[in-house]
Amino acid sequence: VVNRFAGTRLEELQGEIAGLCKDQHGCRFLQKKLEEGIPEHRDMIFRETFGHFAELMTGETFFAFASHSAKWPFLLDPFGNYLCQKLLEYSTDEQRNVICESVAQDLVNISLNMHGTRAVQKMIDFLSTQRQVSYFSRATPPLPCPIYVLRTPFQLSFLVYNPCAYGARWRQAG
């Protein structure tokens, strides 16, 4: 397989990064750039993608017809959520704050999507500030009891409903 990005510098792709997330090879190229650990690359990828995070997490691009108020999925891609997951892993706390804020209103719908649920799971894995946790707690439907984020020995996170306590709050255990 020929890598069409061989020898390409990330800076040459400025302004095209959000579109590359939806392409298998472009997405893999961007993931490798994040793995290199160069802060300028991480920041550039973040700047061009955080406004599209909900769309990238689900792989759904919506199209609204002028004559209707409803939106329909127009394009589905399975690749953007992989870049979202990788960016959550390599982003700074402040970048994660911005990402959590940008997807909070769509969190439940993202979680119901086959690709989105994996990206939300990764987001939970990397919650690192109280601000991020608060975006999650405000985005979820009100429950009579708290929700906990638990980590198993295998570092998987699960949302657990606790019927024994009162008030809605988040806690990271583990």
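The rules we used
- Residues numbered from 1 in each chain as written.
- Predicted model: local features only at pLDDT ≥ 70, side-chain atom pairs only at ≥ 80, totals over all residues.
- Heavy atoms only, no water.
- Helix = DSSP H or I, 4+ residues; strand = E, 2+ residues; numbered from the N terminus.
- Buried < 20%, exposed > 50% of the residue type's maximum accessible area, 1.4 Å probe, protein only.
- Contact = heavy atoms within 4.5 Å.
- Areas by Shrake-Rupley, 256 points an atom, 1.4 Å probe, with all protein chains shown as cover.
- pLDDT = per-residue confidence, 0-100.
- Salt bridge = Lys/Arg side-chain N within 4 Å of Asp/Glu carboxyl O.
- Phe/Tyr/Trp six-rings, centres within 6.5 Å; stacked < 30°, edge-to-face > 60°.
- Polar contact = N/O pair within 3.5 Å; in protein donor to acceptor, adjacent residues only side chain to side chain.
- Core = buried A, V, L, I, M, F, W, Y, C linked by side-chain atoms within 4.5 Å.

*Asks:* What's the story with the overall build of the protein chain in this structure? I'm lost.
*Replies:* The secondary structure content of the protein chain amounts to nine helices and four strands. Sequence-ordered secondary structure for the protein chain, helices as α and strands as β, is α-α-α-α-β-β-α-α-α-α-α-β-β. Per-residue burial for the protein chain yields a buried fraction of 43% across its 174 residues. Put simply, of all contacts in the protein chain between residues at least 6 apart along the chain, 56% involve residues at least 24 apart. Counting every atom, the protein chain has about 10,000 Å² of accessible surface; 57% of that belongs to carbon and sulfur.

*Asks:* How do you make sense of the confidence of the model for the protein chain when you look at a structure like this?
*Replies:* Reading predicted coordinates in detail is not appropriate for stretches of low pLDDT. Residues with a pLDDT of 70 or more make up 70% of the protein chain, whose mean pLDDT is 77. Per-element confidence in the protein chain ranges from a low mean pLDDT of 43 for strand β4 (residues 157-161) to a high of 97 for helix α3 (residues 39-49). The model gives residues 144-174 a pLDDT under 50, and that stretch makes 66 contacts with residues more than four places away or in other chains.

*Asks:* What should I look at first to understand the pattern of salt bridges in this one?
*Replies:* Oppositely charged side chains can form a pair if their charged atoms are brought close together. For the coordinates displayed, the defined rule picks out ten salt bridges. Here Asp23 and Arg4 are joined by a salt bridge, their closest N and O atoms 2.8 Å apart. On the criterion of sequence distance, the pair formed by Asp23 in the loop between α1 (17-20) and α2 (24-35) and Arg4 in the segment before α1 is long-range, its members being 19 residues apart. The exposure class assigned to Asp23 is partly exposed, which follows from its relative accessible area of 21%. Each of Arg28, Glu35 and Lys86 takes part in salt bridges that share partners, so that together they form one network.

*Asks:* Hey, could you run me through the packing of aromatic side chains in this one?
*Replies:* Considering all chains together, one arrives at two aromatic pairs under this definition. Aromatic side chains Phe5 and Phe29 sit 5.0 Å apart centroid to centroid with 20 degrees between the ring planes, which places their arrangement in the stacked category. You can see Phe5 sitting in the segment before α1 and its partner Phe29 sitting in helix α2, a full 24 residues away along the chain. Accessibility assignment for this pair places Phe5 and Phe29 in one class, buried. Centroid distance Phe46 to Phe50: 4.9 Å. Interplanar angle 15 degrees. Geometry classified as stacked. For Phe46, a relative accessible area of 9% translates into the label buried.

*Asks:* Whenever I open this one, the side chain of Asn113 confuses me. Can you help?
*Replies:* Note that Asn113 resides in the loop between α7 (107-111) and α8 (116-125). Of the polar contacts made by the side chain of Asn113, one reaches the backbone nitrogen of Gly116; its length is 2.8 Å.

*Asks:* Help me understand the nonpolar core in this model?
*Replies:* Soluble globular proteins tend to pack their nonpolar side chains together in the buried interior. Counting 36 residues, the largest nonpolar core has Leu30, Ile45, Phe53, Met57, Met123 and Phe136 as its most contacted members. With residues near it in sequence (within four places) discarded, Leu30 still touches Leu10, Ile17, Leu20, Cys21, Ile45 and Leu83.

*Asks:* Hey, could you run me through the environment of Glu11 in this one?
*Replies:* Looking at where Glu11 falls in the secondary structure, it is placed in the segment before α1. Linking Glu11 and Glu40, residues 29 residues apart in sequence, is a C-alpha distance of 9.6 Å. Leave out the neighbours within four places in its chain, and Glu11 touches His41 and Met44.

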